[in-house]
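Coordinate inspection notes
Residue-level listing of the chains:
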Amino acid sequence: MTEIIEAIKKSAIKINEAIKYEDTSKAESENSSGDIQVKLDVISDEIIEKEFSKIKSIKEIVSEEKEDAFSINENGEYLVAYDPLDGSSLIDVNLSVGSIFGIYKNGYDGENIVAAVYVVYGPRVELVIARDVVELFKLDEKKGEFIFQKELKLEKKGKLVGPGGTQKEWYPFHKEMIDNFFKEGYRLRYSGGMVPDLHQILLKGGGLFAYPGTNDKPKGKLRMLFEVFPFAYVYKCAGGLAVDEKDDLLTLKASFLHDTTPCFFGSEYEISRVLEVYSKNR
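Below or above, wherever it landed, is the structure these notes cover. Note that this is a predicted model, so its numbers are computed, not measured.

Describing the overall build of the protein chain
When helices and strands are counted, the protein chain shows six helices and 15 strands. For a compact globule of 282 residues, the expected C-alpha radius of gyration is about 19 Å, and the protein chain comes in at 18 Å, within 12% of that figure. Its C-alpha atoms put the protein chain at 50 × 40 × 40 Å along the principal axes. Counting all 282 residues of the protein chain, 54% fall into the buried class. Taking as baseline every contact in the protein chain between residues at least 6 positions apart, the subset at least 24 positions apart corresponds to 61%. Surface exposure of the protein chain reaches about 12,700 Å², of which carbon and sulfur atoms provide 47%. The protein chain carries 38 positive and 48 negative side-chain charges, and their two centres are separated by 5 Å.

The following block contains the structure:
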């Protein structure tokens with residue numbers, strides 16, 4: 001496990017350099033989910049694949065940018081699913097983006113995730129590792145290493161809401177629920193980047209990040225293996241909760257590598273409200 005995390009750190013440093021200096025325009029391609037790629041998606045994917053290919057404990061990797069899994073070592077112990085550059089469409093407006101990694105054993109179902117790591121590329125480069133506890137690291141660019149900062153924990157109730165999905169496609173009861181949070185005094189924090197938005201809620205102590213099923217996308221948009229399961233693991237290790245419309249996200253099983261699901265991440269209070277509202281309306 002340690003060598004996988006070290007490979008992620010090396011990849012993050014190289015991706016940070018690429019974000020600063022490489023071409024940020026769109027590539028003439030789409031990923032397996034139909035999203036238009038930017039050139040940095042491809043570059044970041046290549047960086048990570050190259051680092052992971054050196055790790056004997058990795059059996060297989062699967063990237064959001066590729067259709068199929070890629071074998072590393074048939075005798076390896078771990079499977080790694082990753083989004084090399086989540087939120088890459090925000091690069092051209094200079095907002096924070098990130099990388100997400102889920103580390104699994106014996107299959108890619110939620111119950112098989114054993115660790116999660118994500119990186120935020122912003123004014124500072126920060127890395128969060130979840131292995132039972134959640135730890136925050138900051139990149140010291142002069143030394144070229146990540147320095148431990150603190151352990152992260154969620155409060156029982158937060159103050160922020162990040163409401164994803166196209167609002168005109170929200171179900172009416174979902175819109176009412178989000179509106180009620182704002183009536184309680186919650187503050188809107190939503191950039192359109194999963195990594196920085198969930199990172200902000202985590203560092204500020206709690207709240208709700210919601211990416212629901214909608215009229216046009218009943219199964220949501222976010223991918224289980226690369227985005228949903230890793231952040232569900234992070235939030236649960238930090239003392240929070242992560243659910244779809246009724247169940248713990250980590251009890252779900254993906255029917256294919258790029259399967260999606262509605263998802264809600266947050267503190268106990270906010271998630272209890274979500275479960276209450278959805279139980280009455282679904």
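Topic: the pairing of strand E7 (residues 113-121)
Among the nine residues in E7, eight count as buried, and that is most of the element. Where strand E6 (residues 97-104) meets E7, eight bridges bridge the pair, whose relative direction is antiparallel. In the sheet register, Gly98 faces E7, and the bridge partner there is Val120. Where E7 lies against strand E8 (residues 125-131), six bridges are found, and the strand directions are antiparallel. In the strand pairing of E8, Val117 is matched with Ile129. Between E7 and E8, which pair antiparallel and follow one another directly, the connecting turn spans three residues.

Comments concerning the pattern of salt bridges
Inspection of the entire model under this criterion finds 20 salt bridges. Across the pair Glu17 and Lys20 runs a salt bridge, and its minimum N-O distance is 4.0 Å. Here Lys20 and Glu17 lie together in helix H1 (residues 2-21), a separation of three residues that amounts to about one turn. You can call Glu17 partly exposed: its relative accessible area is 34%. A single network of salt bridges, built from pairs that share partners, joins Lys14, Glu51 and Lys54.

What counts as what
Residues numbered from 1 in each chain as written. Predicted model: local features only at pLDDT ≥ 70, side-chain atom pairs only at ≥ 80, totals over all residues. Heavy atoms only, no water. Helix = DSSP H or I, 4+ residues; strand = E, 2+ residues; numbered from the N terminus. Rg over C-alpha atoms; globule rule 2.2 N^0.38 Å. Buried < 20%, exposed > 50% of the residue type's maximum accessible area, 1.4 Å probe, protein only. Contact = heavy atoms within 4.5 Å. Areas by Shrake-Rupley, 256 points an atom, 1.4 Å probe, with all protein chains shown as cover. Lys, Arg positive; Asp, Glu negative; His and termini not counted. Charge placed at Lys NZ, Arg CZ, Asp CG, Glu CD. Pairing = 2+ DSSP bridges. Salt bridge = Lys/Arg side-chain N within 4 Å of Asp/Glu carboxyl O.

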